[in-house]
Amino acid sequence: MEKKYYLIISACGIAIIMFAALSPLMAAAQTSTKESVPTDAKASPSQAAEAASVTQEELFNSVVEKARTLAAEPYAEPAQILDGRLGDLTYEDFQKIRFRPEAALWREQTLFEVQFFHPGFLYKSPLAINVLESGKVSPLPFNKASFRYDGEGLEDQVPNDLGYAGFRIQYPLNNPDYKDELAVFLGASYFRLLAQDQFYGLSARGLAVDTALPRGEEFPAFREFWLVKPAEEDTSMTVFALLDSPSIAGAYKFLITPGPRTVVDVNTVLFSRESGHQIGIAPLTSMFLYGENSTRHFDDFRPEVHDSDGLLMHTGSDEWIWRPLTNPRHLNVSAFMDYNPRGFGLMQRDRNYNNYMDFETHYHQRPSLWVEPLGKGWGKGSVRLVEIPTNEEVNDNIVAFWAFDQEFGTDEPMRLAYRLTSLNNLDLPDHMARVLRTRTGWGGIPGASPPQPRSVRRFVIDFQGGDLSTLHPEQPVAPEIQTSNGKINDLVLHKLPGTDIWRLSFRLQETGELKADMRVYLTLRGKRLTETWSYLYEPIIAK
């Protein structure tokens, strides 16, 4: 399990939090004043366990009421295991604690099995985990015998009622005779999903609060889970979760359906504990070190290194927008204003192994995650994209989420539903071409006197697919292009010989020290042929 880090924006600048590649962000590592408890502290039992018989709907309603009660009370930091060796485990020691597969929940009883993570290292707040089976809710007790302790003397220091740090769900995703990892819930409100033939990459999370704001980011965390036992041949599994943080509490329902595209239907009810915070809905977290569009040089044999290469948006006005990701020299925060968005997601469009040349990390098989609002529209707001500078691929430096224009107050709960899909690529409408690649470099004229500055940039954008690919090269296809800063000239559009790819190139200059936000799409006699290419260019001397 390789080490990995997540970059956050705090009042003091950019901070780093470490986490492991199998698990998302260890937000529990944030420095704060917490109560120190002995390592034999129990996770709080489920109040629902006393119920004689409950349905899934009744259970979700009880989780909603529990969240409502939490939000009406002052926030209490979760107890942590800070004393003894267990609270001081190194990454290497933590790796020596392994769950025994034969101890999995529902082993050989259903298509789904659940394995659990041990507390320790950065996972210092044990969770309450419950099971709903045959109408009965019961707490799942910690079982020390379910783990193998390879660290010398460690097992003796683990109490019998410690609690679990998180869990992974397994399912015969790729092979009917073997149960692969399907999902992981571990660390704050983070979780990861896999579809067929994918390797872990970007993460989803329950909620983001004050991301990239000067006051510093707040990390809500799932405090309690309820796992619903599926029937023997069920192909979907339900998980309920209780979320809490200083400013907000919430109840979540996840209906997980694995397959070639793994789909999770999310229902949530949120209660604000205090107003005045930026609430990020359906947040996604990923990594982009460098790609085909990068201007920063990295001394690396691999052509590209990233978990995601672009933000895709389907707006309420039926426009498709593609924003290639960047690893900026300075923090970038972009807001794409919209009304009732139809979807957004962080995508890994490039699936060609030769563009990564890395058979260990499988970047060409990392998931894309697509968020699709369900039910009534989300109204006015914006898709936010946060790009944080980094020099290492172990740092997750990309965040995307939806933020409402209207402030979330303490008067009424917020009820939302959306679908989260883990997939390779999302198909655009049949008639529409997509951006195939973006490249940029110095756009000056070699040998010119005096030499043209490095700030003169040449952009090359290739489009492919849809009706565009069937057009004769002499058709009057035209670019619609604009920029927020600088001047665009020397536009050249042509169909590459022997291919179905159309290439647009242009020169950007006179941007000075300011960034340039550009948009372009192709048309034929006024009819749009492509998605919109959107790009934020940052000059080397940008402020």
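Structure shown above.
Below you will find a few notes about this structure. (Residues numbered from 1 in each chain as written. Predicted model: local features only at pLDDT ≥ 70, side-chain atom pairs only at ≥ 80, totals over all residues. Heavy atoms only, no water.)

**A short note on the pattern of salt bridges**
Turning to step 1, where the next piece is worked out: Summed over the entire model, instances satisfying the criterion amount to 25 salt bridges.
Turning to step 2, where the next piece is worked out: A salt bridge links R342 to D318, with the shortest nitrogen-to-oxygen separation between them at 3.3 Å. Taken as a pair, R342 in the loop between β24 (332-339) and β25 (343-347) and D318 in the loop between β22 (310-314) and β23 (320-324) lie far apart in primary sequence, 24 residues in all.
Turning to step 3, where the next piece is worked out: Given the relative accessible area of 42%, D318 is considered partly exposed. (Salt bridge = Lys/Arg side-chain N within 4 Å of Asp/Glu carboxyl O. Helix = DSSP H or I, 4+ residues; strand = E, 2+ residues; numbered from the N terminus. Buried < 20%, exposed > 50% of the residue type's maximum accessible area, 1.4 Å probe, protein only.)

**Brief notes about the pairing of β23**
Turning to step 1, where the next piece is worked out: Most of β23 is tucked away: five of the five residues are buried.
Turning to step 2, where the next piece is worked out: The side-chain alternation of β23 yields two buried faces, one formed by W320, W322 and P324 and the other by I321 and R323.
Turning to step 3, where the next piece is worked out: The sheet contact formed by β22 and β23 spans five bridges and is antiparallel. What sits directly across from M313, in β23, is I321.
Turning to step 4, where the next piece is worked out: Between β22 and the antiparallel strand that follows it, β23, lie five residues; D318 among them carries a positive phi value of about 70°.
Turning to step 5, where the next piece is worked out: Sheet topology places β23 next to strand β38 (residues 532-537); two bridges connect them, and they run parallel. Bridge assignment links W322 to a residue of β38, and that residue is W533. (Pairing = 2+ DSSP bridges.)

**Focus: the sheet that holds strand β31 (residues 434-442)**
Turning to step 1, where the next piece is worked out: The antiparallel open sheet is built from four strands, whose spatial order is β31-β32-β35-β34. In this open sheet, the two edge strands, each paired with only one partner strand, are β31 and β34 (487-495). Ignoring strand direction, the axes of neighbouring strands in this sheet form an average angle of 15°.
Turning to step 2, where the next piece is worked out: The sheet contact formed by β34 and strand β35 (residues 501-509) spans seven bridges and is antiparallel. In the sheet register, V492 faces β35, and the bridge partner there is S505. (Axes fitted to C-alpha atoms, helices over the stretch in contact; angles between N-to-C directions.)

**Side note on unusual backbone geometry**
Turning to step 1, where the next piece is worked out: The peptide bond linking S449 to P450 adopts the cis configuration, its omega dihedral lying at 0°.
Turning to step 2, where the next piece is worked out: Along the polypeptide, P450 turns up in the loop between β31 and β32 (457-464).
Turning to step 3, where the next piece is worked out: Even without glycine at this site, A188 takes up a positive phi of about 50°.
Turning to step 4, where the next piece is worked out: Note on placement: A188 falls in the loop between β11 (178-186) and β12 (190-193).

**Describing the pairing of strand β27 (residues 380-387)**
Taken residue by residue, a regular strand's side chains alternate between the two faces of the sheet.
Turning to step 1, where the next piece is worked out: With seven of its eight residues buried, β27 lies for the most part within the structure.
Turning to step 2, where the next piece is worked out: Pairing analysis gives eight bridges linking β24 to β27, with the strands arranged antiparallel. In the sheet register, N332 faces β27, and the bridge partner there is E387.
Turning to step 3, where the next piece is worked out: In this sheet, strand β29 (residues 398-404) lies alongside β27 in antiparallel orientation, the contact comprising seven bridges. Bridging from a neighbouring strand, S382 pairs with A403 of β29.

**A few points about the nonpolar core**
Turning to step 1, where the next piece is worked out: Residues F167, I169, F185, L227, F254 and I281 are the most contacted members of the largest nonpolar core, which totals 85 residues.
Turning to step 2, where the next piece is worked out: The biggest single contributor to this core is β11, with five residues.
Turning to step 3, where the next piece is worked out: Sequence-distant contacts of I281, defined by excluding residues within four places in its chain, comprise L207, L270, F344, W378, F401, W402, F404, M414, L416 and Y418.
Turning to step 4, where the next piece is worked out: L426, L471, L508 and Y535 belong to the second largest nonpolar core, which has 30 residues in total. (Core = buried A, V, L, I, M, F, W, Y, C linked by side-chain atoms within 4.5 Å. Contact = heavy atoms within 4.5 Å.)

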